[in-house]
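# Structural characterization, general
Here are the chains, one letter per residue:
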Amino acid sequence: HGMSATPESAVSNEGAAGRDPLDRLADAALALAATALVLLALVEMQTPEGPVADEWSVWLEFWNEARRRRAWRERNREIYADWVGWLAEIVRHGVAGGHFRADVDVDDFARPFAALVDGLAIQCLLDPGPEHRWQMRRTLVELVDRELAP
């Protein structure tokens, strides 16, 4: 894989930086898992159940009021830009680390991902059965896998 290691160096523990090849493999797997887990944790954190459902209710009220108040719309733009920017940064980090596909346009992924989180969460909030929360999780996890997996 582009390394100048030999079978002898691997056996003698003289691989890259003197580390055991299995340790390097484990580190790479953990980095990949950690990057993907950040997005999966976001999915969990955004799923409207328990106290999170109350937070989503507040957001619905905020968005409704923002339709009438310009200052609130401007604040919403700022919050949404931060949210999408944060998602893009997570994906950018995953791309840079080789954990996500190199050809991913992070901004083209982040905005629809954020919109899908919002839309699915609203549907779960309005119809709070466990099957809708499961469907939200499944849809978002499948999107991450389909769009980002190397």
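Residues numbered from 1 in each chain as written. Predicted model: local features only at pLDDT ≥ 70, side-chain atom pairs only at ≥ 80, totals over all residues. Heavy atoms only, no water.

### Quick notes on the overall build of the chain
- Across its full length, the chain holds 6 helices and 0 strands.
- Expressed as a percentage of contacts within the chain between residues at least 6 apart in sequence, the contacts between residues at least 24 apart total 62%. (Helix = DSSP H or I, 4+ residues; strand = E, 2+ residues; numbered from the N terminus. Contact = heavy atoms within 4.5 Å.)

### What about the packing of helix α3 (residues 51-66) against helix α4 (residues 70-96)?
- Interhelical geometry of α3 versus α4 gives an angle of 130° and a closest axis separation of 8 Å. Judged on the interaxial angle alone, α4 and α3 are oblique. Crossing of α3 over α4 shows left-handed handedness. Taken together, the residues of α4 that come into contact with α3 (itself represented by Trp59, Phe62, Trp63, Glu65 and Ala66) are Trp72, Arg73, Arg75, Asn76 and Ile79. (Axes fitted to C-alpha atoms, helices over the stretch in contact; angles between N-to-C directions. Parallel < 35°, antiparallel > 145°, perpendicular 65-115°, else oblique. Left-handed = near helix turned anticlockwise from the far one by under 90°.)

### Side note on the pattern of salt bridges
- Enumeration according to the criterion identifies 12 salt bridges in this entry.
- Between glutamate 78 and arginine 75 there is a salt bridge, with the nearest N and O atoms lying 3.0 Å from each other. On the criterion of helical spacing, the pair formed by glutamate 78 and arginine 75 is a turn pair, its members being 3 residues apart in helix α4.
- Between arginine 138 and glutamate 142 there is a salt bridge, and its shortest N-O distance comes to 3.5 Å. Note that arginine 138 and glutamate 142 are positioned in helix α6 (residues 130-148) at a spacing of 4 residues, about one turn of the helix.
- For arginine 138, a relative accessible area of 35% translates into the label partly exposed.
- Residues joined in a network through salt bridges with shared partners are Glu44, Glu49, Arg133 and Arg137. (Salt bridge = Lys/Arg side-chain N within 4 Å of Asp/Glu carboxyl O. Buried < 20%, exposed > 50% of the residue type's maximum accessible area, 1.4 Å probe, protein only.)

### A closer look at the packing of aromatic side chains
- Applying the stated rule across the entire model yields 6 aromatic pairs.
- Residues phenylalanine 62 and tryptophan 72 carry aromatic rings whose centres are separated by 5.4 Å and whose planes lie at 15° to one another, so their mutual orientation is stacked. Taken together, the positions of phenylalanine 62 in helix α3 and tryptophan 72 in helix α4 put the pair 10 residues apart, joining distant regions of the chain.
- Measuring from ring centre to ring centre gives 6.5 Å for tryptophan 83 and tryptophan 86, while their planes differ by 35°; the resulting arrangement is tilted. In this pair, tryptophan 83 and tryptophan 86 both sit in helix α4, 3 residues apart, roughly one turn of the helix.
- Note on tryptophan 83: relative accessible area 17%, which makes it buried. (Phe/Tyr/Trp six-rings, centres within 6.5 Å; stacked < 30°, edge-to-face > 60°.)

### A short note on the nonpolar core
- Within the largest apolar cluster, 29 residues are counted, with the highest numbers of intra-cluster contacts made by Leu39, Leu87, Val91, Phe109, Phe113 and Leu148.
- Residue assignment for this core shows that the elements contributing at least two residues are α2 (21-46), α3, α4, α5 (106-126) and α6.
- Residue contributions to this core peak at 10 residues, all from α5.
- Beyond its immediate chain neighbours, meaning those up to four positions away, valine 91 contacts Leu39, Phe100, Val104, Val106, Phe109 and Leu148. (Core = buried A, V, L, I, M, F, W, Y, C linked by side-chain atoms within 4.5 Å.)

### Regarding a nonpolar patch on the surface
- On the surface, Leu37, Leu40 and Val141 cluster together into a nonpolar patch covering about 220 Å² of accessible area.
- Here valine 141 shows up in helix α6.
- The class of valine 141 is partly exposed, set by a relative accessible area of 37%. (Patch = residues over 30% accessible without salt bridge, like charges linked within 9 Å, V, L, I, M, F, W, Y side chains within 5 Å. Areas by Shrake-Rupley, 256 points an atom, 1.4 Å probe, with all protein chains shown as cover.)

### Here we look at the confidence of the model for the chain
- Taken over all residues, the pLDDT of the chain has a mean of 80, while the share at 70 or more is 77%.
- When mean pLDDT is compared element by element in the chain, α5 scores highest at 93, while helix α1 (residues 7-11) scores lowest at 39.
- Across residues 1-16, where pLDDT falls below 50, the model places 10 contacts with residues more than four positions away in sequence or in other chains. (pLDDT = per-residue confidence, 0-100.)

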